[in-house]
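Listed below, chain by chain, are the residues.
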Protein chains: 2
Amino acid sequence: MQRPLLHPASEDLKLESVLYALADPMRLEIVRCLAAGDCPLNCSKAAPSHVPKSTQSHHFQILREAGLIQSERRGTEVVNSIRLDEINARFPGVIDAILKAAKPLVCPDADKA
Amino acid sequence: MQRPLLHPASEDLKLESVLYALADPMRLEIVRCLAAGDCPLNCSKAAPSHVPKSTQSHHFQILREAGLIQSERRGTEVVNSIRLDEINARFPGVIDAILKAAKPLVCPDADKA
DNA sequence: TTCAATAGTTCGATAGTCTTGAACTACCGG
DNA sequence: CCGGTAGTTCAAGACTATCGAACTATTGAA
């Protein structure tokens, strides 16, 4: 919890990294969930709960370093939000098309609505 | 050259596999090149020539099994074409947005035009 | 048919990455 | 200060990528 939580600048976003980050089912679901507006979410809420913390942490790191999400420390937890505008500005339509194509699984919190 | 060259059916295409296949710079370039209309192309023409054949073969296998390309044996070579319509039907806008976002590098044959 | 050349594939080894439990760090409430 | 909570880091095994070398299949000649 001491490291700076690095985020790439908008202009440094790489399409390959974005696609790679979204190529994993769990990461895609996290992004889908964040984009669905039930966010910002901390790590344990945004990720499927049965997945080990270390794995979650790894996936959030990939998403963060690809520039897909913005992570902020808020006390003991990390609040994540999607960098939708920046990604759309850099790669117009990519995220939207992918999110529409992603089959709408349930968000971790969606069943409580 | 004896194996059947398996292609998934349109309805079996998985978004994650498509994104994964496109997350590699060389594979993205191959797809971009095929989509640019100078196709169909055999493997050695569609891929950067300095890459070893075994690596090329591996990448084409990934693209084929993700359902991005259609490969047909024509004598001694394999002719590849992009399955644009099927992918668009299944994941509308995804490929188009990605191809537009991909920076237009030169096709291997483009400089001869 | 036999032979050499061509186009890809398969194999094996090395190097890098993913997953996960265990240990660790940071923050908050009492 | 202490226990609990939220994430991170580390290390080990499994998995995957790269690439040279050996192999297979097809073509076109002699």
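Residues numbered from 1 in each chain as written. Chains lettered and ligands numbered in written order. Predicted model: local features only at pLDDT ≥ 70, side-chain atom pairs only at ≥ 80, totals over all residues. Heavy atoms only, no water.

Visitor: Requested: an account of the pattern of salt bridges, with residues and values cited.
Guide: Residues and elements named next belong to chain B. All chains considered together, the criterion is met by 6 salt bridges over all chains. With a shortest N-O distance of 3.4 Å, R32 and E29 are connected by a salt bridge. Here R32 and its partner E29 are both found in helix α2 (residues 25-35), 3 residues apart, which amounts to about one turn of the helix. Residue R32 shares its accessibility class with E29, and that shared class is buried. Notably, a salt bridge pairs R74 with E72, separated by 3.9 Å at the nearest N-O pair. Using a relative accessible area of 41% as the deciding quantity, one classes E72 as partly exposed. (Salt bridge = Lys/Arg side-chain N within 4 Å of Asp/Glu carboxyl O. Helix = DSSP H or I, 4+ residues; strand = E, 2+ residues; numbered from the N terminus. Buried < 20%, exposed > 50% of the residue type's maximum accessible area, 1.4 Å probe, protein only.)

Visitor: Explain the nonpolar core to me, using residue names and the numbers behind them.
Guide: Within the largest apolar cluster, 58 residues are counted, with the highest numbers of intra-cluster contacts made by L22, L68 and I98 of chain A together with L22, L68 and I98 of chain B. Secondary-structure elements contributing two or more residues to this core are α1 (15-22), α2 (25-35), α4 (53-66) and α6 (94-101) of chain A together with α1 (15-22), α2, α4 (53-66) and α6 (94-101) of chain B. Apart from the residues within four sequence positions on either side, I98 of chain A is in contact with L19, L22 and L28 of chain A together with L15, L19 and V94 of chain B. (Core = buried A, V, L, I, M, F, W, Y, C linked by side-chain atoms within 4.5 Å. Contact = heavy atoms within 4.5 Å.)

Visitor: Let's hear about the packing of α6 of chain A against α6 of chain B: which residues, and what values?
Guide: In the contact formed by α6 of chain A and α6 of chain B, the axes pass within 8 Å of each other and the chain directions differ by 155°. The orientation of α6 of chain A with respect to α6 of chain B, classified from their angle, is roughly antiparallel. α6 of chain B is crossed by α6 of chain A, and the crossing has left-handed handedness. Packed against α6 of chain A, whose contacting residues are V94, A97, I98 and A101 of chain A, the element α6 of chain B presents V94, A97, I98 and A101 of chain B at the interface. Residue composition of the contact of α6 of chain A with α6 of chain B, grouped by class: 8 nonpolar, no polar and no charged. (Axes fitted to C-alpha atoms, helices over the stretch in contact; angles between N-to-C directions. Parallel < 35°, antiparallel > 145°, perpendicular 65-115°, else oblique. Left-handed = near helix turned anticlockwise from the far one by under 90°. Nonpolar A, V, L, I, M, F, W, Y, C, P; charged D, E, K, R; others polar.)

Visitor: Describe the interface of chain B and chain A, and please don't skip the residues or the numbers.
Guide: If you look at the interface, chain B gives 17 residues, while chain A gives 17 residues. Roughly 1300 Å² is buried in total at the junction of chain B and chain A, and carbon and sulfur atoms are behind 81% of that figure. When the buried surface of chain B facing chain A is broken down by residue, E16, L19 and A23 of chain B rank first, second and third, together holding 36% of it. At the level of secondary structure, the elements contributing two or more residues to the side of chain B that touches chain A comprise α1, α2 and α6 of chain B. Among the elements that make up the side of chain B that touches chain A, the one with the highest residue count is α1 of chain B (5 residues). In terms of residue class, the side of chain B that touches chain A is built from 14 nonpolar, 1 polar and 2 charged. (Buried area = accessible area lost by both parts, 1.4 Å probe.)

Visitor: If you had to explain the relation of the copies chain B and chain A to someone new, which residues and values would you point to?
Guide: Each copy of the sequence occupies a distinct position, and chain B is placed on chain A by a rotation of 180° and an axial shift of 0.0 Å, giving an RMSD of 0.0 Å. A rotation of that kind, with that shift, is consistent with a two-fold axis. Of all interface residues in chain B, 100% are interface residues in chain A too; the two copies therefore contact each other through one and the same surface. (Least-squares fit on C-alpha atoms with pLDDT ≥ 70 in both.)

Visitor: Can you tell me about the environment of L28 of chain B, naming the residues and giving the values?
Guide: By the secondary structure assignment, L28 of chain B is in helix α2. Overall, the relative accessible area of 5% leaves L28 of chain B in the buried class. Not counting chain neighbours up to four residues away, the residues in contact with L28 of chain B comprise L15 and E16 of chain A together with L22, I98 and A102 of chain B.

Visitor: Any chance you could break down the environment of R27 of chain B for me, citing the residues and the numbers?
Guide: All names here are of chain B. In this structure, R27 sits in helix α2. In this structure the C-alpha to C-alpha distance between R27 and Q56, which are 29 residues apart in sequence, comes to 9.1 Å. Residues contacting R27, with those up to four places away along its chain left out, are Y20, A21, H59, I62 and L63. From its side chain, R27 meets the backbone oxygen of Y20 in a polar contact 3.3 Å long. (Polar contact = N/O pair within 3.5 Å; in protein donor to acceptor, adjacent residues only side chain to side chain.)

Visitor: Residues and numbers for the packing of aromatic side chains, please.
Guide: All told, the structure shown has 0 aromatic pairs over all chains when counted by the stated rule. Positioned above the aromatic ring of Y20 of chain A, the side-chain terminus of R27 of chain A is 5.3 Å from the ring centre. (Phe/Tyr/Trp six-rings, centres within 6.5 Å; stacked < 30°, edge-to-face > 60°. Lys NZ or Arg CZ within 6 Å of the ring centre and 35° of its normal.)

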